[in-house]
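Coordinates in review
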Amino acid sequence: MSIEFNDYQPIYQQLMDHISQRICRGDLAPGEKLPSVRVMAVEAGVNPNTVSRTYMELEREKIVESRRGQGTFVTEEKTVIEKLRKSQAAVQADRFKSSMEQLGIDKETAFQLLENTWDRNGGAS
Amino acid sequence: MTNVSCSNVTKKYGRKEALREVDLTLPENGIAGIIGPNGSGKSTFLKLISGLIRPESGTVTINGTETGRKSGAEAAYLSEEDSLYDFMTVGKTIAFSSGVYPGFDRELAHTLVEEMKLDENDKVKHLSRGNKARLKLAVTMARKTPVLCLDEPLSGMDPLVREDILRLIVTHLDVEHQLCLITSHEVKELEPFLDHVLIIHDGRIVVDRNVEELKETERKSLIDLLREVTV
């Protein structure tokens, strides 16, 4: 299950995003233990040192916490996860906006498109 | 922690200079990629570090001792060429290696071979190219030397074997204590596994950098960088 990485961002940042998304989705539940550094390295197809750095940065942002001798765990603080979800969503919103701008589509049309997609594909309203 | 240093190293084959005035200290641990065009001096560099050849001038040292015939306990070299005996079985190859290499971890070798689904009763002669590569790597890793020099371990392998080989390295290399040097042309595939990169061009080290730092500051891939420095 190796991840596709882009060329212009450090891998640890991309791996941070990947794990953050899994946490937001609930794929990694609050309080759940993250895979060990080595297992995550094999799964993601990256260097174990990169995974250590990723876990350290996630810990600094309080998204995970490491417990001595036990491993690294997803935070149980719902507010942290909610904040993370909002910031991840904001990044995606920025991306959407800039792609629309590149296509020369104005705000109103973009909103309309978004609404159509939502209605057609369903999803939480 | 291991200190590998080259000081003003020049290596010639006949009149041709394969490496010119190389001066550097390698990172103490982790995975370092050595990339560069064919004939740029990558294999020569690995052979010098593992003490298989000697420089015309300058010195290569591991922890202060000049490399040479007795460097086998510090540095293991995985050759691009055939290095196994055809007539031996997989199991016999392990037994043989444990007799030849001091500090060879026989148990680890058996584990690695099993992880890669090789049959210990198969003769080397009858192994596929991919399986020979797997066995070669297993034998090299089981030596557990502080420095591993892997010369083109991915070359000519199908995508699944390449994945397997990289997985084996990531699973069993002790990245905090061992240094693994890998030469390869599969730059894109190798990139996510690297802590460090050296680019060799015309016998000179033209890039010597930490990969994360490189991406953070320059926001480009190793292939872009390779293209820029080898024109």
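Positions within a chain are numbered from 1, following the residues in the order the chain's sequence is written. Working convention: letters from A go to chains and numbers from 1 go to ligands, in the order in which they are written. At least 70 in pLDDT is required for a residue's local features to be given in this predicted model, at least 80 for side-chain atom pairs to be given and counted, and no such filter applies to totals for whole chains, interfaces and linings, which use all residues. Computation of side-chain values: all heavy atoms of the structure, hydrogens and water removed.

**Notes on a negative patch on the surface**
Like-charged residues within 9 Å of one another, or nonpolar side chains (Val, Leu, Ile, Met, Phe, Trp, Tyr) within 5 Å, are grouped into patches, provided each residue has over 30% relative accessible area and no salt bridge. A 1.4 Å probe and the Shrake-Rupley method give the accessible areas. Residues count as covered only by the protein chains that appear here. A side-chain nitrogen of Lys or Arg and a carboxyl oxygen of Asp or Glu constitute a salt bridge if their distance falls within 4 Å. In summary, the charge assignment counts Lys and Arg as positive and Asp and Glu as negative, without counting His or the chain termini. Here the site of a charge means atom NZ of a Lys, CZ of an Arg, CG of an Asp or CD of a Glu. Together, Glu80(B), Glu81(B), Asp82(B) and Asp86(B) give the surface a local cluster of negative charge. With respect to the element layout, Glu80(B) can be found in the loop between β6 (75-78) and α2 (90-100). Secondary structure elements are defined from DSSP: runs of H or I of at least 4 residues count as helices, runs of E of at least 2 residues count as strands, and each element is numbered from the N terminus.

**Remarks on the confidence of the model for chain A**
Confidence scores labelled pLDDT are given residue by residue by the predictor and lie between 0 and 100. Counting all residues, the mean pLDDT for chain A is 91, and 96% of those residues have values of 70 or more. Looking at the elements of chain A, mean pLDDT is at its lowest for helix α5 (residues 107-121) of chain A, recorded as 90, and at its highest for helix α3 (residues 48-60) of chain A, recorded as 96.

**Overview of the interface of chain B and chain A**
The criterion used for residue contact is that any of the two residues' heavy atoms lie within 4.5 Å. At the junction of the two partners, chain B supplies 20 residues and chain A supplies 19 residues. Note on terms: buried area is the combined drop in 1.4 Å-probe accessible area of two parts once they are placed together, counting the loss on both. Interface of chain B and chain A: buried area, both sides summed, is about 1,700 Å²; carbon and sulfur atoms make up 47% of it. Between Asp7(A) and Lys188(B) there is a salt bridge, with its nearest N and O atoms 3.5 Å apart. Here a polar contact is taken to be a pair of N or O atoms separated by no more than 3.5 Å, where protein atoms must pair a possible hydrogen donor with a possible acceptor and residues adjacent in sequence count only if both atoms sit in side chains. Across the chain B-chain A interface, the total number found is 13 residue pairs in polar contact (both at pLDDT 80 or more). Within the residue set of the side of chain B that touches chain A, elements represented by two or more residues are β3 (30-35), α5 (159-172) and α7 (211-218) of chain B. For the side of chain B that touches chain A, the element with the most residues is α5(B), which contributes four residues. Residues of the side of chain B that touches chain A, tallied by class, amount to seven nonpolar, four polar and nine charged. Asp, Glu, Lys and Arg are counted as charged, while Ala, Val, Leu, Ile, Met, Phe, Trp, Tyr, Cys and Pro are counted as nonpolar; the rest, among them Gly, fall into the polar class.

**Notes on the environment of Thr50(A)**
With respect to the helices and strands, Thr50(A) occurs in helix α3. Throughout this description, buried means an accessible area under 20% of the type-specific maximum (1.4 Å probe, protein chains only), exposed means over 50%, and partly exposed covers the range between. Judged by its relative accessible area of 5%, Thr50(A) is buried. Through-space distance from the C-alpha of Thr50(A) to that of Gln13(A) is 9.5 Å; in sequence the pair is 37 residues apart. Among all residues touching Thr50(A), those that are not within four sequence positions of it are Ile11(A), Tyr12(A) and Glu212(B).

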